[in-house]
Amino acid sequence: MRVYVPLSLPRLAEAHKAGELGPGPLTAYAVTPALREWYVSDDIEELEYAALNRAAVASLRLIAGEPDAPRKRVVVALDVPDGAVVADPDRGLDPGALGEVRIANAVPLAKAAAVHVDSADAEKDVTAAASALGAADQGDDDAQFVVDGAEDHELLWFATQEIPNLLGLSG
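First, a word on scope: everything that follows refers to the structure included in this document. On a predicted model such as this, the values are computed, not experimentally measured, just so you know.

**A look at the overall build of the chain**
And then number 1: For the chain, the helix and strand inventory stands at 6 helices and 9 strands.
And then number 2: Since a compact globule built from 171 residues should have a radius of gyration of about 16 Å, the 15 Å found for the chain is in line with a globular shape.
And then number 3: Taking the principal axes of the C-alpha coordinates as reference, the chain spans close to 45 × 35 × 25 Å.
And then number 4: For the chain, the proportion of its 171 residues judged to be buried stands at 43%.
And then number 5: For the chain, contacts bridging at least 24 residues in sequence account for 76% of all contacts bridging at least 6.
And then number 6: Surface exposure of the chain reaches about 9,100 Å², of which carbon and sulfur atoms provide 52%.

**Description of the packing of helix α4 (residues 123-137) against helix α5 (residues 141-151)**
And then number 1: Direction vectors running N to C along α4 and α5 enclose 145°, while the axes themselves pass 7 Å from each other. In terms of crossing hand, the pair formed by α4 and α5 is left-handed. The residues of α5 that touch α4, namely those facing Asp125, Val126, Ala128, Ala129, Ala132, Leu133, Ala135 and Ala136, are Ala143, Gln144, Val146, Val147, Gly149 and Ala150.
And then number 2: For the contact of α4 with α5, a count of residues per class yields 11 nonpolar, 2 polar and 1 charged.

**A few points about helix α3 (residues 44-64)**
Note: α-helices contain 3.6 residues per turn, so residues at a spacing of three or four share the same orientation.
And then number 1: For α3, with 21 residues, the first-to-last C-alpha span of 30 Å sits near the 30 Å given by 1.5 Å per residue.
And then number 2: If you check which residues of α3 are buried, you get Leu47, Ala50, Ala51, Leu52, Arg54, Ala55, Ala56, Ala58, Ser59, Leu60 and Ile63.
And then number 3: Capping the start of α3 is the job of one residue whose side-chain oxygen sits 2.8 Å from the backbone nitrogen of glutamate 45: aspartate 43.

**Quick word on the nonpolar core**
And then number 1: Grouped together as the largest cluster of nonpolar side chains are 24 residues, with contacts concentrated most on Val3, Leu12, Leu21, Val76, Leu78 and Val115.
And then number 2: Listing elements by their share of this core, those giving two or more residues are β1 (2-7), α1 (9-18), β3 (26-29), β4 (74-79), β6 (100-103) and β8 (112-117).
And then number 3: Discounting residues that sit within four places of it in the chain, valine 76 has contacts with Val3, Tyr4, Val5, Leu7, Leu12, Leu21, Ala112, Ala114 and Val115.
And then number 4: Ranked by size, the runner-up nonpolar core spans 16 residues in total, among them Tyr29, Ala51, Ala56 and Ala58.

**Looking at unusual backbone geometry**
And then number 1: With an omega of 0°, the peptide bond running from glycine 22 to proline 23 counts as cis.
And then number 2: Here proline 23 lies in the loop between β2 (20-21) and β3.
And then number 3: A cis amide bond, omega 0°, links glycine 24 with the succeeding residue proline 25.
And then number 4: Note that proline 25 resides in the loop between β2 and β3.

**Structural notes on the pattern of salt bridges**
And then number 1: Throughout the structure, instances matching the rule amount to 5 salt bridges.
And then number 2: One salt bridge connects arginine 11 with glutamate 66, and the closest N-O pair in it is separated by 2.5 Å. Of the two residues, arginine 11 sits in helix α1 while glutamate 66 sits in the loop between α3 and β4, which places them 55 residues apart along the sequence.
And then number 3: Residue arginine 11 is classed as partly exposed on the basis of its relative accessible area of 35%.
And then number 4: Between aspartate 118 and arginine 73 there is a salt bridge whose closest N-O contact spans 2.7 Å. With a gap of 45 residues between them, aspartate 118 in the loop between β8 and α4 and arginine 73 in the loop between α3 and β4 connect regions that are remote in the sequence. Neither aspartate 118 nor arginine 73 differs from the other in exposure class; each is buried.

Scoring rules and cut-offs
Residues numbered from 1 in each chain as written. Predicted model: local features only at pLDDT ≥ 70, side-chain atom pairs only at ≥ 80, totals over all residues. Heavy atoms only, no water. Helix = DSSP H or I, 4+ residues; strand = E, 2+ residues; numbered from the N terminus. Rg over C-alpha atoms; globule rule 2.2 N^0.38 Å. Buried < 20%, exposed > 50% of the residue type's maximum accessible area, 1.4 Å probe, protein only. Contact = heavy atoms within 4.5 Å. Areas by Shrake-Rupley, 256 points an atom, 1.4 Å probe, with all protein chains shown as cover. Axes fitted to C-alpha atoms, helices over the stretch in contact; angles between N-to-C directions. Left-handed = near helix turned anticlockwise from the far one by under 90°. Nonpolar A, V, L, I, M, F, W, Y, C, P; charged D, E, K, R; others polar. Expected span 1.5 Å × (residues − 1). Polar contact = N/O pair within 3.5 Å; in protein donor to acceptor, adjacent residues only side chain to side chain. Core = buried A, V, L, I, M, F, W, Y, C linked by side-chain atoms within 4.5 Å. Salt bridge = Lys/Arg side-chain N within 4 Å of Asp/Glu carboxyl O.

Next comes the structure, spelled out in structure tokens:
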């Protein structure tokens, strides 16, 4: 199963250093029955894109809680066995938890299929969105518009071999 783990750049650096995403349990996003019902599509690529976007929103929340983190959303795409992923049926239709799953244990970074990261031109909008998130959660329509501005930016695809370059490491 393909899952999408939301991170920040500092958390990606920790995972790179440790060689794994963890410790568990990890929150990730995947194509769940609730996501299928919400998105109303049978196209697996569209559904996986929706799960990736849900993880990008979760990454924005992580960034908002990490004032020193670079303002770039980060999502790691992993392939894990179906049995390693559990969706909480009680939260299945909670709009904030659509597609959310738990992975009980740490996952080797070698299982990553790709890393998705914002481009430099998204940083201004991501910074504004991270600042506006609290107000948006309280129902402020203007703040929600600012948050939606970050979602207008597509995350870029990177091979896992490019993680050191994303982190600014020389090797």
